[in-house]
Amino acid sequence: MADIVGNNIHRFSGYAQLYHSYRPEVPESVIDILIAYLGRRPDVVVDLGCGTGLSSFLWGAVAGRVVGVEPNDDMRHQAMEENSRRGLKQMKFVNGLSTAIPLEDGVVDVVTCSQSFHWMNPQPTLAEIHRILKPGGFFAAYDCDWPPSCSVMAEQAYDTLIEAAEGSIQKNIPAEQQVHKWPKHEHLQQIVQSGLFTFTKEVVFHVERQLTAQEFIGIGLSQGSVQTVLKHQLPDMVAALPAFEQTVHAAFAEQTRRAWLCYRMRIGMK
């Protein structure tokens, strides 16, 4: 899996600031649900594959200690810079893989994977998560459905953009340089099949927010497939990207729109 791991890590290089600017912050429902199950505020939370820290900072006000684990240097440095601005002493961001988390056995109350579990080899990752969790601790892998629900025209343009980017990658980038994603719809099945968790469940919820056209476009630009095509300067984006931006601006008509972000969270208790 060495090449896959390296390709997956490198996928996120070069656009950490754009990612941090446009990806939506994690809803507080994540904390509410997990604290309700845990029955108390957690002493230690690990955010695995934390990226730029958007999913880590959520825990800053409720957990005694938060450790963001991120193997991509660009993403991790963005998180560290943001933490320096916020001055949260209980937060720490470290280099590490999902299969080699730099923490001791049985010291963590909650481990989360926000939009990241599909980039990890699930069974070795789950074994490592189980190792660091306390008895009764929780693992939660949660993902947002893309794109946000707000406009048929804008959403169809988003889908067209992603299809163009993924098609360009398949056509122009050698297979050995491509990334590998494990299916999101199998997350709960993977947790169950590991046999490591005494309670498992899928929770579905949504949050509403106001989006501008530029914010919707930014979410599209923050997707790894689009960034891969742009980094490799593949010609397919020359027509696809302006068409996407023009269609979204037309759909929003220079107004903000109500949008719904739908989440699926898969839970396992040690």
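Everything discussed here concerns the structure shown above.
About the cut-offs
- Residues numbered from 1 in each chain as written.
- Predicted model: local features only at pLDDT ≥ 70, side-chain atom pairs only at ≥ 80, totals over all residues.
- Heavy atoms only, no water.
- Helix = DSSP H or I, 4+ residues; strand = E, 2+ residues; numbered from the N terminus.
- Contact = heavy atoms within 4.5 Å.
- Axes fitted to C-alpha atoms, helices over the stretch in contact; angles between N-to-C directions.
- Parallel < 35°, antiparallel > 145°, perpendicular 65-115°, else oblique.
- Left-handed = near helix turned anticlockwise from the far one by under 90°.
- Nonpolar A, V, L, I, M, F, W, Y, C, P; charged D, E, K, R; others polar.
- 1 Å grid on protein atoms, 1.4 Å probe; cavity = no way out; pocket = protein on both sides within 12 Å on 5 of 7 lines; lining within 4 Å.
- Points joined across faces, edges and corners; volume = space filled by probe spheres on them.
- Buried < 20%, exposed > 50% of the residue type's maximum accessible area, 1.4 Å probe, protein only.
- Pairing = 2+ DSSP bridges.

Draft legend 1. Representation of the side chain of Glu128. Residue position: Glu128 is located in helix 5 (residues 122–132). If we ignore the near neighbours within four places in the chain, the residues touching Glu128 are Ser98, Thr99, Ala100 and Ile101.

Draft legend 2. The packing of helix 8 (residues 213–221) against helix 10 (residues 236–252), seen in detail. Taken N-terminus to C-terminus, the directions of helix 8 and helix 10 make an angle of 150°; their axes are 9 Å apart at the nearest point. Viewed along their axes, helix 8 and helix 10 adopt a mutual orientation that is roughly antiparallel. Considering only the axes of helix 8 and helix 10, their crossing is right-handed. Contacts between helix 8 and helix 10 involve Ala213, Gln214, Phe216, Ile217, Gly220 and Leu221 from the first element and Leu241, Phe244, Glu245, Val248, His249 and Phe252 from the second. Split into classes, the residues belonging to the contact of helix 8 with helix 10 amount to eight nonpolar, three polar and one charged.

Draft legend 3. Geometry of the packing of helix 6 (residues 152–172) against helix 10. Across the interface, helix 6 lies against helix 10 with an axial gap of 8 Å and an inter-helix angle of 170°. Put simply, helix 6 runs roughly antiparallel to helix 10. In contact with Met153, Ala154, Ala157, Tyr158, Leu161, Ala164, Ala165, Ser168, Lys171 and Asn172 of helix 6, helix 10 contributes Asp236, Met237, Ala240, Leu241, Phe244, Thr247, Val248, Ala250, Ala251 and Phe252. Considering only residue class, the contact of helix 6 with helix 10 consists of 15 nonpolar, three polar and two charged.

Draft legend 4. Main features of the layout of surface pockets. The volume enclosed by the second largest pocket comes to roughly 350 Å³. Looking at the lining of the second largest pocket element by element, the count peaks at three residues for helix 6.

Draft legend 5. A look at unusual backbone geometry. The peptide bond linking Trp146 to Pro147 adopts the cis configuration, its omega dihedral lying at -5°. The topology assignment puts Pro147 in the loop between strand 5 (133–144) and helix 6. Positive phi values are uncommon outside glycine, yet Gln233 reaches one of about 55°. When you line up the elements, Gln233 lands in the loop between helix 9 (224–231) and helix 10. Residue classification places Gln233 among the exposed residues on the basis of a relative accessible area of 71%.

Draft legend 6. Local environment of the sheet that holds strand 7 (residues 257–269). Across the sheet, seven strands lie side by side as 3-2-1-4-5-7-6; this open sheet has mixed pairing. The sheet is open, and its two borders are formed by strand 3 (91–94) and strand 6 (199–211), each paired with just one other strand. On average, each strand axis in the sheet is inclined to that of its neighbour by 20°, with strand direction left out of account. Relative to strand 4 (residues 108–114), strand 1 (residues 44–48) runs parallel, the two sharing three bridges. Bridge pairing links Val45 to Val110 in strand 4.

In short, the description is geometric, and any link to function would need to be established separately.
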